[in-house]
Amino acid sequence: MYHDPKLTAETRADPRPRSAVSTGVGMAGLAGMSLWTGIATFYGMDGPYSALVNVVACAVPMVLWSIFVDKVHLNPSTGIDWSSKRTLRDTLDISITKLTGLWLTWGGIALIYATFRFWWTGRYANFGWSIWCIEMAAPALFLLSIPYVLWLDRKLVQPKDGAWHLGAWLMGIKEPIDIPAIQNHLRSWAIKGFFLAFMLSIVPPNFGDFVGWNFSRMFDSPAVIANYCISFMFVIDVAFATAGYILTMRPLDSHIRSATPYAAGWTAALICYPPFVLMNEGGVLDYHPGSADWTYWFANHPWILGGLGAVLVVLTGIYAWATIAFGLRFSNLTHRGILTHGPYAWSRHPAYLSKNLFWWLSGLPFLATTNWVEGLRNAAIMAVVSGIYYWRARTEEMHLGADPAYQEYSAWMQRNAPVPRFFAWVGGKLRAA
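Reference entry: report on the structure contained in this document. (Residues numbered from 1 in each chain as written. Predicted model: local features only at pLDDT ≥ 70, side-chain atom pairs only at ≥ 80, totals over all residues. Heavy atoms only, no water.)

### Section: the overall build of the protein
Along the protein, the regular secondary structure elements total 15 helices and 2 strands. The C-alpha atoms of the protein give a radius of gyration of 23 Å, which matches the 22 Å a tight globule of 433 residues would have. Along the first, second and third principal axes, the C-alpha atoms of the protein reach 75 × 55 × 40 Å. Taking all 433 residues of the protein together, 46% fall into the buried category. Sequence separation of at least 24 residues holds for 79% of the intrachain contacts in the protein that already meet a minimum separation of 6. Accessible area for the protein stands at about 22,000 Å²; split by element, carbon and sulfur atoms hold 68% of it. A distance of 6 Å separates the average location of the 31 positive side-chain charges in the protein from that of its 25 negative side-chain charges. (Helix = DSSP H or I, 4+ residues; strand = E, 2+ residues; numbered from the N terminus. Rg over C-alpha atoms; globule rule 2.2 N^0.38 Å. Buried < 20%, exposed > 50% of the residue type's maximum accessible area, 1.4 Å probe, protein only. Contact = heavy atoms within 4.5 Å. Areas by Shrake-Rupley, 256 points an atom, 1.4 Å probe, with all protein chains shown as cover. Lys, Arg positive; Asp, Glu negative; His and termini not counted. Charge placed at Lys NZ, Arg CZ, Asp CG, Glu CD.)

See the structure below:
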């Protein structure tokens, strides 16, 4: 194999910026959840409680790896000074004020859950399961928050965070109130409250579909094998994402540094998720009318079916790999540290890129069972959907771009990463033409 000596020398002289997450933490989580998934499959445990255990089996190894191998609790970015000698008396007032702000936030989220009935009925009835999970966990979270905050405030370099400022505002404390800190706090918890409920709602069906797979017809078609593998990739994605939304903690260095303040970022993200989603059946951006997927069009062509199925498995594998790379830190609309490893060494947005390629190749929207006009219409709508994900990517770059670490990473990617260099090359050719 030929190696360009100039390129190799440039790569050595231009090392990739360090990632906020190690490869090991994601691999530990993958090993844990794979073990449990195998056990659940063998014993036929495809129920919702088994699905929750799968999230735990994913999360616990990542926590252990993060603490004992990566020692993330010692990172300066945690904002924790473990050598601090402050006593409980020194920080008690701060902690009481912070708990007031935190509980007020949780109460607001609970009120939203109780008020908006789409969480409970109709096409989003699975949200009822997630709300039940949150209800069961709420008393323990309430009680555990007290010793946790009392302990952590003694070690934090700056214990007066957004929750404290919210509590201070509520209690009328005569100190300067940091309104941007309160806004960031509320945005962060809005993201957790919305997306955690969504993730918990899809954990059981995803896990159940995979564990309850009908193996008696496994080898009837290459499409069956491909869909089984694809199903597993989505089980991985959901488990890691759910663990990420739950484990937002400073001692794990997985806390939210900032939640995007840009309305465009919120809009681009929320229209991709229920109940605001525009791409579902009957939605404004529904690209499915008159369509059929890849298994329909190539049912009589096993070699094409197998080849395309393999490509789709690879694409969902990249999608799952992008989530694994986050370790404990997966979250929409937030900054929880800059990733530079895994697929993020190839593309700044590997999940969006692989997801959209998957939709184009699996749905084949330009083909229609009705007429060619419907195919053109579906393809145009699918192009709009891809454009929305490009919009999401740009808003995320705008948010993260305020961090010098992301600026360094982005510049390195432009110089070295295959995907940005490819698009830069295509852009150059188009401009030259």
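### A few points about the packing of helix H9 (residues 263–270) against helix H13 (residues 372–400)
The interhelical angle for the contact between H9 and H13, taken along N-to-C directions, is 145 degrees, at an axis separation of 9 Å. The hand of the H9/H13 crossing is left-handed. Of the residues in H13, those in contact with Ala264, Gly265, Thr267, Ala268 and Ala269 of H9 are Ile388, Trp391, Arg392 and Thr395. Looking at side-chain class alone, the contact of H9 with H13 contains 5 nonpolar, 3 polar and 1 charged residues. (Axes fitted to C-alpha atoms, helices over the stretch in contact; angles between N-to-C directions. Left-handed = near helix turned anticlockwise from the far one by under 90°. Nonpolar A, V, L, I, M, F, W, Y, C, P; charged D, E, K, R; others polar.)

### Some points on the environment of Asp70
Take Asp70: it is sitting in the loop between helix H3 (48–68) and helix H4 (88–115). In the structure, Asp70 is positioned 49 residues away from Val21 in sequence and 8.8 Å away in space, judged by C-alpha atoms. Here Asp70 is in contact with Ser22, Val25 and Trp65, once residues within four sequence places are set aside.

### Things to note about the side chain of Ser188
Position of Ser188 among the secondary structure elements: in helix H7 (residues 179–211). In contact with Ser188, other than residues within four places in its own chain, are Ile256 and Ala259.

### Focus: the pattern of salt bridges
Under the defined criterion, the tally for this structure stands at 9 salt bridges. For the salt bridge of Asp253 with Arg329, the shortest nitrogen-to-oxygen distance reads 3.3 Å. You can see Asp253 sitting in the loop between helix H8 (222–246) and strand E1 (258–259) and its partner Arg329 sitting in the loop between helix H11 (302–324) and strand E2 (334–335), a full 76 residues away along the chain. Exposure remark for Asp253: the relative accessible area of 2% places this residue in the buried category. Since its relative accessible area comes to 6%, Arg329 is described here as buried. Salt bridges here are not isolated pairs; linked through shared partners, they connect Lys98, Asp153 and Asp161. (Salt bridge = Lys/Arg side-chain N within 4 Å of Asp/Glu carboxyl O.)

### What about the packing of aromatic side chains?
Following the criterion strictly, the structure yields 25 aromatic pairs and no others. Ring centres of Trp106 and Trp189 lie 5.9 Å apart, and the angle between their planes is 70 degrees; this geometry places the pair in the edge-to-face category. Linking Trp106 in helix H4 with Trp189 in helix H7, this pair joins segments that are 83 residues apart in sequence. Considering the side-chain rings of Phe215 and Tyr228, the 5.4 Å spacing of their centres and the 70 degrees angle between planes classify their relative orientation as edge-to-face. You can see Phe215 sitting in the loop between H7 and H8 and its partner Tyr228 sitting in helix H8, a full 13 residues away along the chain. For Phe215, a relative accessible area of 38% puts it in the partly exposed group. Overall, Tyr228 belongs to the buried group, its relative accessible area being 17%. Here the aromatic residues Phe194, Phe195, Phe198, Tyr245, Tyr273, Phe276, Phe326, Phe330 and Tyr344 are joined through ring pairs into a cluster of three or more. (Phe/Tyr/Trp six-rings, centres within 6.5 Å; stacked < 30°, edge-to-face > 60°.)

### Some thoughts on the side chain of Ser50
In this fold, Ser50 is placed in helix H3. For Ser50, a relative accessible area of 9% translates into the label buried. A polar side-chain atom of Ser50 sits 2.9 Å from the main-chain carbonyl oxygen of Met45. Setting aside anything within four residues of it in sequence, one finds Ser50 in contact with Trp36, Ala40, Met45 and Phe207. (Polar contact = N/O pair within 3.5 Å; in protein donor to acceptor, adjacent residues only side chain to side chain.)

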